[in-house]
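Fold and contact review
The lines below spell out each chain.
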Amino acid sequence: MRIEQIDFFYVSMPVIEDRADGSQDALVVRVQGDGQTGWGECEASPLVSIAAFVAPMSHSACRPVRDSLMGETVNSVDDIRCLSAKVAANSFDMLQTPHTLSGIEIALCDALARQKKMPVYKMLGHEKKYPKLAYASMLFAPTPEETGRHAREAAEQGYRAVKFGWGGFGVNLEHDRALVEAIRKAIGSDVRLMVDVGTLWSNKTDEAIKRVQMLEEFDVVWLEEPFESMEYPHYAELSRHCKKLKIAAGEGSHSAAMAKNMIDHGKVAFIQIDTGRVGGILPAHDLAEYALKKGVQFVNHTFTTPLALSASLQPMIGIEKFDICEFPVQPTQLAQDINRPLCVTDRNGMFDLPDGDGLAIEVDLAALKKYLVQVKIESHGKVLYESPKI
Ligand SMILES: [Mg+2]
């Protein structure tokens, strides 16, 4: 397949609110060539990522991402790896490059697998899919009562694992305890519980250590992202203070190397990878294999659309040992409209990807049109980018 066209669709809810819900907008990518189409999604600030695709060359390591891709040929997984390496070399001085590339790489994997008439996970070498325990991924509500209500609803819907994150957690120990206690009370002792604090303590280990004992009392499986993404010594130190509780992180990794550092030097027990950020499906798959060797559990990170969920699960769906996956349960209307929503398939709370070629997810063009943000980028008297016509 020759890459003839790469389109970015910046879609957004009418109003973006100041809260930690990454499904309020999206950057969907379409790659076309030789009659074949593939779709992907960047986990990114859409406009900045589009800019990295088209911005005029600034110097030889700061070239627009599109210059490394247009007109190239992709007939194998190795071809995609070569193109990713080319982009990384030509555009490494633009920090947004991995975000921009990730969505394109996912779309290339989708197109190639569709051309080969097989699912992406099979193209990666996996024989079959193993359903995963889906954890209902939610944000903390402002009060313990409301948070507990959301937890109860998830358990009633059949989820056997829940994760709450961001929101008001971290205000003080008392409030944090009330939030976690309300969840545990609502879901009972059998449902797995995880807590995500969204890099809350930056690099302050003391604040995190104060929470460890409390979270262990409520049988919390993991504490996620206590610190910023590259604070490896702080992650390692916190891990040493945990008895039963484990530390999870990695969603902020912009490269496989960053995620490997989190495993080797941050000593996390769960490595969470977003294919829309780490460079796409192939580096994520390499990381899944790496985690397996290191005795670390690979978990997808996804908080947006079914397209992103499918992409993030392909690297791990064929590995039986990785038994739990993130499943966003509070997506915006946008994230519900762009693809047909996926649901947890059985009462045991297990999730399986749909069968089909590529990522097995269709994109609704009418929905893209409804949410499309009109963008035009010009410089030197030339139009560099204009939102695609649908
Ligand atoms: Mg998180």
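Structural data are supplied above this passage.
Here we summarise the structure given alongside this text. As the structure is a prediction and not an experimental result, all values here were calculated from the model.

1. So, the overall build of the protein chain
What the protein chain contains, in helices and strands, is 14 helices and 14 strands. In terms of overall size, the protein chain behaves like a compact globule, its C-alpha atoms giving a radius of gyration of 21 Å where 390 residues would be expected to give roughly 21 Å. By its C-alpha atoms, the protein chain is 60 × 45 × 40 Å across when sized along the principal axes. Considering the protein chain as a whole, with its 390 residues, one finds that 58% of them fall into the buried category. At a minimum sequence separation of 6, the contacts of the protein chain that also span at least 24 residues come to 73%. Per element, the accessible surface of the protein chain, about 16,200 Å² overall, is 49% carbon and sulfur. For the protein chain, the separation between the mean place of its 42 positive charges and that of its 53 negative charges on side chains is 3 Å.

2. Focus on the coordination of the magnesium ion
Taken together, Asp196 (OD), Glu224 (OE) and Glu251 (OE) make up the full set of protein donors to the magnesium ion, lying 2.1 to 2.3 Å away. The sequence pattern describing where the donors of the magnesium ion fall on their chain is D-x27-E-x26-E. With Asp196 in strand β6 (residues 192-196) and Glu224 in strand β7 (residues 220-224), this residue pair connects regions lying 28 residues apart in the sequence. The exposure classification of Asp196 matches that of Glu224, with both residues buried.

3. Examining the pattern of salt bridges
The tally for this structure, following the rule as stated, stands at 22 salt bridges. Measuring nitrogen to oxygen at the nearest pair gives 2.6 Å for the salt bridge that ties Glu17 to Arg19. Arg211 serves as the salt-bridge partner of Asp176, at 2.6 Å between the closest nitrogen and oxygen. With Asp176 in helix α6 (residues 173-187) and Arg211 in helix α7 (residues 205-217), this pair connects stretches of sequence that are 35 residues apart.

4. Quick look at the nonpolar core
Inside soluble globular proteins, nonpolar side chains tend to come together where they are buried. Judged by nonpolar contacts, the single largest core of 62 residues is most densely connected at Val162, Phe169, Ile271 and Phe298. Apart from the residues within four sequence positions on either side, Ile271 is in contact with Ala249, Gly250, Ala259, Met262, Ile263, Ala291, Val296, Gln297, Phe298 and Val299. One finds Val65, Ala107, Ala311 and Tyr385 within the second-largest nonpolar core, a separate group that totals 54 residues.

5. A short note on the pairing of strand β2 (residues 25-33)
The element β2 is extensively covered by neighbouring structure, given that 8 of its 9 residues are classed as buried. The sheet contact formed by strand β1 (residues 5-12) and β2 spans 8 bridges and is antiparallel. Considered in β2, the bridge of Phe9 is made with Val28. In this structure, the hairpin formed by β2 and strand β3 (residues 36-42) is closed by a connection of 2 residues, where Asp34 is found at a positive phi of approximately 50°.

Parameters and conventions
- Just so you know, the residues in each chain are numbered from 1, in the order the chain's sequence is written.
- Restriction of local features to residues with pLDDT of at least 70 applies here, the model being predicted, together with a cutoff of 80 or more for giving and counting side-chain atom pairs; totals for whole chains, interfaces and linings are based on all residues.
- To obtain the side-chain values, all non-hydrogen atoms of the structure were included, while hydrogens and water were left out.
- Starting at the N terminus, helices and strands are each numbered in turn, a helix being any DSSP run of H or I of at least four residues and a strand any DSSP run of E of at least two.
- Within these notes, the globule rule equals 2.2 Å times the number of residues to the 0.38 power, and the radius of gyration is based on C-alpha atoms.
- Categorising residues by exposure relies on relative accessible area from a 1.4 Å probe, with only protein chains included: less than 20% of the type maximum marks a residue as buried, more than 50% marks it as exposed, and the intermediate range marks it as partly exposed.
- Contacts: residue pairs with any heavy atoms within 4.5 Å of one another.
- Method for areas: the Shrake-Rupley scheme with a 1.4 Å probe, in which residue coverage is limited to the protein chains shown.
- We score Asp and Glu as negative and Lys and Arg as positive, and we do not count His or the chain ends.
- For charged residues, the charge sits on one atom: NZ in Lys, CZ in Arg, CG in Asp, CD in Glu.
- Sites may look incomplete because water is not among the atoms; the donors themselves are N, O and S atoms within 2.8 Å of the metal, or within 3.2 Å for Na, K and Ca.
- Put simply, a salt bridge is a Lys or Arg side-chain nitrogen that is within 4 Å of an Asp or Glu carboxyl oxygen.
- Buried Ala, Val, Leu, Ile, Met, Phe, Trp, Tyr and Cys residues form a nonpolar core when they are joined through side-chain atoms within 4.5 Å.
- DSSP calls a pair of strands paired once it identifies at least 2 bridges connecting them.

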